[in-house]
Amino acid sequence: MGSSNTVICPICSRRVPEEIINRHLDAGCKDVITGPSSPKKTPRTPSTQSVAPIFSQARSSGSRRDPQSSTQLGQRSAGSKLFQKRKSAADAAPPLFQPTPAKRSKQAMSISSRMQAASPLAERLRPNTLEDFVGQIHLTGPNSLLFTFTEKGATGSMIFWGPPGCGKTTLARLVAKRTNAVFKELSATVVGINDVRPIFEEAKTALQLTGRRTIIFLDEIHRFTRSQQDIFLPFLERGHVQLIGATTENPSFKLNGALLSRCRVFVLERLTDEEITEIVKKAIARVAPSGADGASAGTAASADSPAIQTYGAPSTQSSLLSFSPISSSQVQSSQSDVTSQPSTSTPASSQTLFPRYPHITPRIISSMASLSAGDARTALSLLEFVLLAAVDTPEAALLDSIKCTVATSYDRTGDARYDLISALHKCIRSSQGGAALYWLARMLQAGEDPLYIARRLVVCASEDIGMADAQALPLAMAALQACQVIGMPECRINLAHVVTYLSEAPKSTRALEGYNRALELAKQDMTLPVPLQMRNAPTGLMKDLGYAKDYKYQPDFAHPVTNEYLPLQIREEVILRKDGDLSGKTWDDDALKQWEEKENGGQEWKGRNTVAPSHDVGETC
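Residues numbered from 1 in each chain as written. Predicted model: local features only at pLDDT ≥ 70, side-chain atom pairs only at ≥ 80, totals over all residues. Heavy atoms only, no water.

(A) Quick peek at the overall build of the chain. Each helix and strand counted, the chain has 26 helices and twelve strands in total. In the chain, buried positions account for 32% of the 621 residues. Once local pairs closer than 6 in sequence are excluded, the contacts in the chain between residues at least 24 apart make up 68%. When the accessible surface of the chain is summed, it comes to about 39,000 Å², and 54% of that surface belongs to carbon and sulfur atoms. (Helix = DSSP H or I, 4+ residues; strand = E, 2+ residues; numbered from the N terminus. Buried < 20%, exposed > 50% of the residue type's maximum accessible area, 1.4 Å probe, protein only. Contact = heavy atoms within 4.5 Å. Areas by Shrake-Rupley, 256 points an atom, 1.4 Å probe, with all protein chains shown as cover.)

(B) Summary view of the packing of helix α14 (residues 273–286) against helix α17 (residues 376–388). In contact at an axis separation of 10 Å, α14 and α17 are set at 40° when each is read in the N-to-C sense. Judged on the interaxial angle alone, α17 and α14 are oblique. With respect to the hand of their crossing, α14 and α17 are arranged in right-handed fashion. Contact residues: I276, I279, V280, A283 and I284 in α14; A376, A379, L380 and L383 in α17. Residue composition of the contact of α14 with α17, by class: nine nonpolar, no polar and no charged. (Axes fitted to C-alpha atoms, helices over the stretch in contact; angles between N-to-C directions. Parallel < 35°, antiparallel > 145°, perpendicular 65-115°, else oblique. Left-handed = near helix turned anticlockwise from the far one by under 90°. Nonpolar A, V, L, I, M, F, W, Y, C, P; charged D, E, K, R; others polar.)

(C) Here's a closer look at the environment of P567. Take P567: it is sitting in the loop between α25 (540–544) and β11 (586–588). Note: C-alpha distance between P567 and L528 (39 residues apart in sequence) is 6.5 Å. When near neighbours in sequence (up to four residues on either side) are disregarded, P567 contacts L528, P529 and P531.

(D) Representation of the nonpolar core within the structure. The biggest cluster of nonpolar side chains holds 29 residues, and the ones touching the most others in it are V280, I284, I360, I365, M368 and L383. Counting residues per element, the ones that place at least two in this core are α5 (121–124), α14, α16 (362–372), α17 and α18 (395–404). With seven residues, α17 is the largest single contributor of residues to this core. By size, the runner-up hydrophobic cluster in this structure holds 28 residues, among which are A436, I453, A454 and V458. (Core = buried A, V, L, I, M, F, W, Y, C linked by side-chain atoms within 4.5 Å.)

(E) Inspection of unusual backbone geometry at higher detail. In this structure, P489 follows M488 across a cis peptide bond, with omega equal to 5°. For P489, the position within the fold is in the loop between α22 (472–485) and α23 (491–504). Positive phi is not limited to glycine here, since N180 has a value of about 55°. The residue N180 is located in the loop between α8 (168–178) and β4 (182–187) in this model. Phi at D550 takes a positive value of approximately 60°, unusual for a residue other than glycine. Within the element layout of this structure, D550 appears in the loop between α25 and β11. A relative accessible area of 54% means that D550 is categorised as exposed.

(F) Geometry of α17. Compared with an ideal rise of 1.5 Å per residue, which puts 13 residues at 18 Å, α17 spans 19 Å between its outermost C-alpha atoms and is within 8% of the ideal. Looking at α17, one finds that the buried residues are A376, A379, L380, L382, L383, E384, V386 and L387. Of the residues that open α17, the one with a side-chain oxygen 2.9 Å from the backbone nitrogen of R377 is D375. (Expected span 1.5 Å × (residues − 1). Polar contact = N/O pair within 3.5 Å; in protein donor to acceptor, adjacent residues only side chain to side chain.)

(G) Layout of the confidence of the model for the chain. Looking at the chain, the pLDDT average stands at 76 and 72% of residues meet or exceed 70. For residues 93–98, every residue scores under 50 in pLDDT, and the model assigns this stretch one contact once sequence neighbours within four places are set aside. For the stretch residues 290–320, pLDDT sits under 50, and the model shows 48 contacts to residues farther than four places along the chain or on other chains. (pLDDT = per-residue confidence, 0-100.)

(H) Layout of the sheet that holds strand β5 (residues 214–219). If you trace the five strands from one edge of the open sheet to the other, you get β4-β5-β6-β3-β7, paired in parallel fashion. At either margin of the open sheet sits one strand with a lone partner, and together these are β4 and β7 (264–267). Averaged over all adjacent pairs, the angle separating strand axes in this sheet is 20°, with direction ignored. Bridge count for strand β3 (residues 158–161) against strand β6 (residues 241–247) is four bridges, and the pairing is parallel. The residue of β6 that forms the bridge with I159 is G245. (Pairing = 2+ DSSP bridges.)

(I) Layout of the packing of aromatic side chains. This structure, assessed with the given rule, holds six aromatic pairs. Consider the rings of F200 and F232, whose centres lie 5.9 Å apart with planes at 85°: the pair is edge-to-face. Here F232 lies in the loop between α10 (226–229) and α11 (233–238) and F200 lies in helix α9 (residues 193–209), a separation of 32 residues in the sequence. On the basis of relative accessible area, F232 is assigned to the buried category, the value being 1%. Chaining the aromatic ring pairs together yields one cluster made of F200, F224, F232 and F235. Over the aromatic face of Y452 sits the side chain of R417, whose NZ or CZ is 3.8 Å from the ring centroid. The lysine or arginine in question, R535, covers the ring of Y547, its NZ or CZ lying 5.0 Å from the ring centre. (Phe/Tyr/Trp six-rings, centres within 6.5 Å; stacked < 30°, edge-to-face > 60°. Lys NZ or Arg CZ within 6 Å of the ring centre and 35° of its normal.)

Written out as structure tokens, the structure is:
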């Protein structure tokens, strides 16, 4: 019995009979044929084609055959026939150890269950639809631009920029699922250019055969160098693939301009405590305990769905966390049933929101939301830790335990570092000493180098205090030297001293503003000659040429004198303004009223009547 040839489908990578590959691709790989169909038997007809004369000529009677060779030829012929018979029988018999379809499905389910059980809770509880996605309402809302794109089935290439745990990977998967696109997920931490190139060819083939687009999701895309990022450019230009990159770093600094021009950048914000609380409550509603007896209160996982995690040794009776897909409406109804119960005299901090987990109190949930710092992955990791705790664990002990498991996230090379130092500088500039000390403490507690802070304070002393207090710069330099000599933790006192002094010192930016005006004039023409009076005349020839002629040496006079200090073209320009000169400053009455209400106890600023808007001060309505 013969069998038709099979080919590997370029989309689903399964074997399909060659004669139906086109119908298989047109159906979107849904009618997967696991085995070739048996062809109909057709009776063989004797061939009428003439044979070569050499094969049709009869052997002459006079020809002799060697008896030994005839015997060997007969043995080979008999052995060949026996081999063909055994081979046919082996082909007709089913292969050994071939699992039945039921066994194959159970084996696949067992492998899938083990792989799923190894993943953390945050991975197992990802939402399956955009409607279940929590947070980022500016991207997932009904009227958002991204939601409109997904409804039309085409998203284009995008960059998701946001902090860890805000939903970048989940959102990319949901977008691909909603647009029915082929989804390829990669991580720039483990793949290179050679791993990406084959996907481009597969995407091109899939687009030609089925019309389905391919979305390449590249996590941590900022790990690719600028030359590696260029590999996407021609394929994005032709539309063969759509790229969704996820990054925690600023794309303006980490991605090249050519790639950014072909992608839309969507900013994902850090999740609020309310959104983290909603995620945690939904997760608790989906997780159901299953003991040895298989019974549990409330909603339990079905028999077909395997437990999502097994903790402890197999011999011990460890708790199994299994989940069942519960809709948002079921979660809300379960929470409303809990809140509709008559209140008792139990304190608010120890009320039970979930009867199956009496140790998870509102205070525990709020603490998890606060400690996660807007990171849903961290919150679900804390929840997994809490679910494993004994139900009779005291609330205070559980709170101390989860606080010890959270590590402070601080990257000296990331945007957070520059955001914190910027906040410190701006608080000093605004004379907000308390707020400046807070940001100083945040940075030092996170492990920031005190010399980095001290160098910024030296800059702040000249930039913002400047001529208003001549002692600011020497004090800042003394703090820098103290940090070099003493080091942490004692040098925190020196830094706090300088931060407080600079915050309360009067402010003046005359020097910085004067330099900026001088810089603009210098850029206009770098060839303006130095006036002859200002030139040095060390030789007689230079004196004869008029260098330093009529220069008036100020110490020789008992009164002020003047010279030609600037080139003739800019002689009338005012570069350094007088102290108290408010020309060019803005008068914003609304901003002043806001300061009076928040910072001055509702009283009017004492300079309101002395500094009035004039033609020199720009007034903002």
